[in-house]
Amino acid sequence: DTAVSQTPKYLVTQMGNDKSIKCEQNLGHDTMYWYKQDSKKFLKIMFSYNNKELIINETVPNRFSPKSPDKAHLNLHINSLELGDSAVYFCASSSRGVLQETQYFGPGTRLLVL
Amino acid sequence: SQQGEEDPQALSIQEGENATMNCSYKTSINNLQWYRQNSGRGLVHLILIRSNEREKHSGRLRVTLDTSKKSSSLLITASRAADTASYFCATGGSTGANSKLTFGKGITLSVRP
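Below is a summary of the structure that appears in this document. The shown structure was predicted, so the numbers you read here are calculated from the model rather than taken from an experiment.

## Focus on the side chain of S86 of chain B
Alright, step 1. In this structure, S86 of chain B sits in strand β9 (residues 85-92).
Alright, step 2. When its relative accessible area of 2% is taken as the criterion, S86 of chain B is described as buried.
Alright, step 3. Polar side-chain contacts of S86 of chain B include one of 2.6 Å to the side chain of K41 of chain A.
Alright, step 4. In this view, S86 of chain B contacts K41 of chain A together with Y35, R36, Q37, I107 and T108 of chain B; residues no more than four positions away in its chain are not counted.

Laid out in structure tokens, this is it:
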């Protein structure tokens, strides 16, 4: 009965590879997010989708491509991985009602690029 | 650009003591939220305070907001070892489909048993 789940939990890969991270939420929320947390714990938003539509796209390299097949899923595909992509990636979701801005986070995917 | 900045960066206290953490921000906000992150886990929402509110309580948590000083504080009373975690403030600039939260760098709280 996990609210926001991510797979995989750990991802170790070589530079130049392509990898995907998946996220699913069962909260009935209409908005989902991807965040990147660096080694200093700084958390930065990358993307946000509302009802499968991209609404926030921060200055993220084109190698990162989110895909939302439906409201409950938001995947992140990363091409040509670089050393600097090593971080923890968090998925989150929220309801976009006027009073509901609380975000619910997944457990994170620890990506290590060698 | 980073919005919230927490202070101090690290805090170590004895179990039973109160912990006070501060957050300052730069632009106008719609709401301010505090989250907790245990080691190796995702963030968990603790409390939300709106720009027209000055104080809010939830269990052992007390949050204040001073929009004139663009600052907020989180007080945890009667701390427990289980409160050991990183605490983040996050500011919400607007409501609506394109609103987003901007997180600070976090405060590492250690509660010694």
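Resuming the write-up.
## Things to note about the packing of aromatic side chains
Alright, step 1. Overall, the coordinates contain 8 aromatic pairs over all chains when judged by the stated rule.
Alright, step 2. A ring pair is formed by Y35 of chain A and F105 of chain A, whose centres lie 5.3 Å apart and whose planes are at 40°; its orientation type is tilted. Here Y35 of chain A is found in strand β4 (residues 31-37), whereas its partner F105 of chain A is found in strand β10 (residues 104-105), with 70 residues between them in sequence. There is no split in this pair, since Y35 of chain A and F105 of chain A are both buried.
Alright, step 3. With centroids separated by 5.8 Å and ring planes inclined at 80°, the aromatic side chains of F105 of chain A and Y35 of chain B adopt a geometry described as edge-to-face. Here F105 of chain A is found in strand β10, whereas its partner Y35 of chain B is found in strand β4 (residues 31-37) on a different chain.
Alright, step 4. Among the residues examined, Y35 of chain B registers a relative accessible area of 0% and is labelled buried.
Alright, step 5. The structure contains a cluster of three or more aromatic residues connected by ring pairs, namely Y33, Y35, F90 and F105 of chain A together with Y35 and F103 of chain B.

## A closer look at the state of the cysteines
Alright, step 1. Throughout the structure, instances matching the rule amount to 2 disulfides over all chains.
Alright, step 2. Note on cysteine connectivity: C23 of chain A is disulfide-linked to C91 of chain A, with sulfurs 1.9 Å apart. Because the torsion about its S-S bond is -75°, the bridge between C23 of chain A and C91 of chain A counts as left-handed. One end of the pair, C23 of chain A, is in strand β3 (residues 19-25); the other, C91 of chain A, is in strand β9 (residues 87-94), with 68 residues separating them in the sequence. Comparing C23 of chain A with C91 of chain A shows no difference in burial state: the two are buried.
Alright, step 3. Each sulfur of the disulfide joining C23 of chain B and C89 of chain B lies 2.0 Å from the other. Residues C23 of chain B and C89 of chain B are joined by a disulfide whose S-S torsion is about 60°; by sign, that bridge is right-handed. Taken together, the residues C23 of chain B in strand β3 (residues 19-24) and C89 of chain B in strand β9 connect sequence positions 66 residues apart. Accessibility assignment for this pair places C23 of chain B and C89 of chain B in one class, buried.

## Description of the pairing of β9 of chain A
Residue and element names in this part refer to chain A.
Alright, step 1. In terms of burial, β9 is largely enclosed, as 8 of its 8 residues are buried.
Alright, step 2. Residues of β9 alternate between two faces, with A87, Y89, C91 and S93 on one and V88, F90, A92 and S94 on the opposite face, all of them buried.
Alright, step 3. With 7 bridges connecting them, β4 and β9 associate as antiparallel partners. Of the residues in β9, the one forming a bridge with T31 is S94.

Cut-offs and rules
- Sequence order as written defines the numbering, with residues in each chain counted from 1.
- Written order decides the labels, with chains lettered from A and ligands numbered from 1.
- Given that the model is predicted, a residue must reach a pLDDT of at least 70 before its local features are reported, and side-chain atom pairs must reach 80 or more before they are shown or counted; all residues, however, enter totals for whole chains, interfaces and linings.
- With hydrogens and water set aside, each side-chain value is computed from the structure's full complement of heavy atoms.
- Where helices and strands are cited, they refer to DSSP runs of H or I of at least four residues and of E of at least two residues respectively, numbered from the N terminus.
- For each residue, the accessible area found with a 1.4 Å probe, counting protein chains only, is set against the maximum for its type, and the residue is called buried under 20%, exposed over 50%, and partly exposed in between.
- Two N or O atoms form a polar contact when they lie within 3.5 Å of each other; inside protein one atom must be a possible hydrogen donor and the other a possible acceptor, and for residues adjacent in sequence the pair counts only when both atoms belong to side chains.
- Note on contacts: a residue pair qualifies if any of its non-hydrogen atoms lie within 4.5 Å across the two residues.
- Two aromatic rings from Phe, Tyr or Trp, using only the six-membered ring of Trp, form a pair when their centres are within 6.5 Å; if the ring planes differ by under 30 degrees the pair is stacked, by over 60 it is edge-to-face, and anything between is tilted.
- The criterion for a disulfide is a pair of cysteine sulfur atoms lying within 2.5 Å.
- One requirement defines pairing of two strands: DSSP has to find at least two bridges between them.

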